[in-house]
Amino acid sequence: MTEALFLNGPRDARVAPFNLREGKPGEVLIEVAAVGICGSDLHYYKDGGIGGAVVRRPFVPGHEFGGYLCDDVAALGLTRGALVAVDPNIACGHCDWCREGYSNLCPNVEFFGAPPFDGAMTSRIWVPTSQLVKLPPALTPLDAVMLEPLGVAMHAVDLAKPRLLESAAVLGAGPIGLLILQVLRVAGAGEICVVEPQAHRREMAMRLGAAAVGQSLAEVLDRSDGKGFSLVVEATNNPLGFRDAARAARIGGRVVLVGIPDGDTYTLPAAEARRRGLKIKFSRRMVDAYPRAIELVASGRVDVASIVTHRIDLAAAPALFRALADSESGLGKVLIYPNGQ
């Protein structure tokens, strides 16, 4: 019997024995090389759910992961022992939304690590071969994990449609915010200002190319001559994130909301957005991002490794969930290595 990290309810994360189920036709067993702790995992931990995805029984989180094949997958030209990434979004493929290209919004989705579907914070997991992502030989388990959050950042930037040399603001310099910062730069944005309350994350943003950082919005608004930014991407967990994004935007500006607010509720004075005539988009997960994500990582145009601050074993995971939920200083992206490094 193996072990897994279970979320049992709000602020209740424990490592316990895990009974690996039998595989199904079309699946392959993977030995998990590494799995990331995502902001959505923290919402399941802190709030006991996100919207209708509620932790009703002990479940195993973890949707950002890569691992080693325990068998050949001849149809994909993959052999046992190959390192692969996994697309966690198992969309139905036949609903109206999937047919229209919104597989990330499929109402029938089965998503690894979102209740009630167990994820990869364990040593082995069965995965449909349709979800396997073949990787270049140079990519590492860390890279395999980071392709999923990078895809989330890319989808947000796709929705943002940055114009060449356009100035922008990014609210939040957690892992997703730092990836959005880098992808905006690759996409041709100009000066990018980042707002982040934690000092070590502001330092990370500066190292990754931010033109200016501030602990509060007021500290960076002068970079826009006080008029606000034409593009704002919000990537915080703050219920006031929507409000702050509206305040950061100039009249006629564009706002993309990526973060999930604590408590699953925004607080927004309507006039903040209405009087600016803002164009607002909500971003969820990603669509067909893996080929481009692999290219960005393999070419070095996006640095995913510098965002990772902690690499831990499974036994240390409950303590890191608590530390991340409490916004302890010094934490960036945390990766779990269930089978050791």
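Look up: the structure comes first, before these words.
Okay, so let's go over this structure. Computed from a predicted model, the values in this text were never measured in an experiment.

### Section: the environment of S167
- Mapped onto the elements, S167 comes out in the loop between helix 3 (141-160) and strand 12 (168-171).
- With a relative accessible area of 29%, S167 lands in the partly exposed category.
- Taking the C-alpha atoms as reference points, S167 and P261, 94 residues apart in sequence, are found 25 Å from one another.
- The residues touching S167, leaving out its near neighbours within four places in the chain, are E191, F229, S230 and L231.

### As for the nonpolar core
- In this structure, L135, M146, L147, L150, L179, I180 and L184 are the most contacted members of the largest nonpolar core, which totals 53 residues.
- When near neighbours in sequence (up to four residues on either side) are disregarded, L184 contacts V157, P162, A168, V170, A189, I192 and L231.
- In terms of nonpolar packing, the next biggest core, distinct from the first, is built from 49 residues, A4, I30, I37 and V60 among them.

### Overview of the pattern of salt bridges
- On inspection of all chains with the given rule, the structure shows 15 salt bridges.
- Taking the shortest distance from any N to any O, the salt bridge between D262 and K46 comes out at 2.9 Å. One end of the pair, D262, is in the loop between strand 16 (249-257) and helix 7 (270-274); the other, K46, is in helix 1 (residues 39-47), and 216 residues separate them in sequence.
- Judged by its relative accessible area of 26%, D262 falls in the partly exposed class.
- Here E272 makes a salt bridge to R247, at a shortest N to O gap of 2.9 Å. Taken together, the residues E272 in helix 7 and R247 in helix 6 (residues 241-248) connect sequence positions 25 residues apart.

### Comments concerning helix 9 (residues 317-325)
- For helix 9, the buried fraction is high: seven of the nine residues fall into the buried class.
- When helix 9 is considered as a whole, its buried residues turn out to be A317, P318, L320, F321, A323, L324 and A325.
- For helix 9, the secondary structure elements touched by its buried residues are strand 1 (2-9), strand 2 (12-18), helix 1, strand 18 (308-312) and strand 19 (333-336).

### Quick word on the packing of helix 3 against helix 8 (residues 290-299)
- It is at 9 Å that the axes of helix 3 and helix 8 come closest, and there the two elements cross at 110°. What the angle tells us is that helix 3 and helix 8 run roughly perpendicular. Judged by the twist between their axes, the crossing of helix 3 over helix 8 is right-handed. Mapping the contact onto sequence places D143, L147, E148, L150, M154 and D158 in helix 3 and Y290, R292, A293, I294, L296 and V297 in helix 8.
- Counted by class, the contact of helix 3 with helix 8 contains eight nonpolar, no polar and four charged residues.

Calculation criteria
Residues numbered from 1 in each chain as written. Predicted model: local features only at pLDDT ≥ 70, side-chain atom pairs only at ≥ 80, totals over all residues. Heavy atoms only, no water. Helix = DSSP H or I, 4+ residues; strand = E, 2+ residues; numbered from the N terminus. Buried < 20%, exposed > 50% of the residue type's maximum accessible area, 1.4 Å probe, protein only. Contact = heavy atoms within 4.5 Å. Core = buried A, V, L, I, M, F, W, Y, C linked by side-chain atoms within 4.5 Å. Salt bridge = Lys/Arg side-chain N within 4 Å of Asp/Glu carboxyl O. Axes fitted to C-alpha atoms, helices over the stretch in contact; angles between N-to-C directions. Parallel < 35°, antiparallel > 145°, perpendicular 65-115°, else oblique. Left-handed = near helix turned anticlockwise from the far one by under 90°. Nonpolar A, V, L, I, M, F, W, Y, C, P; charged D, E, K, R; others polar.

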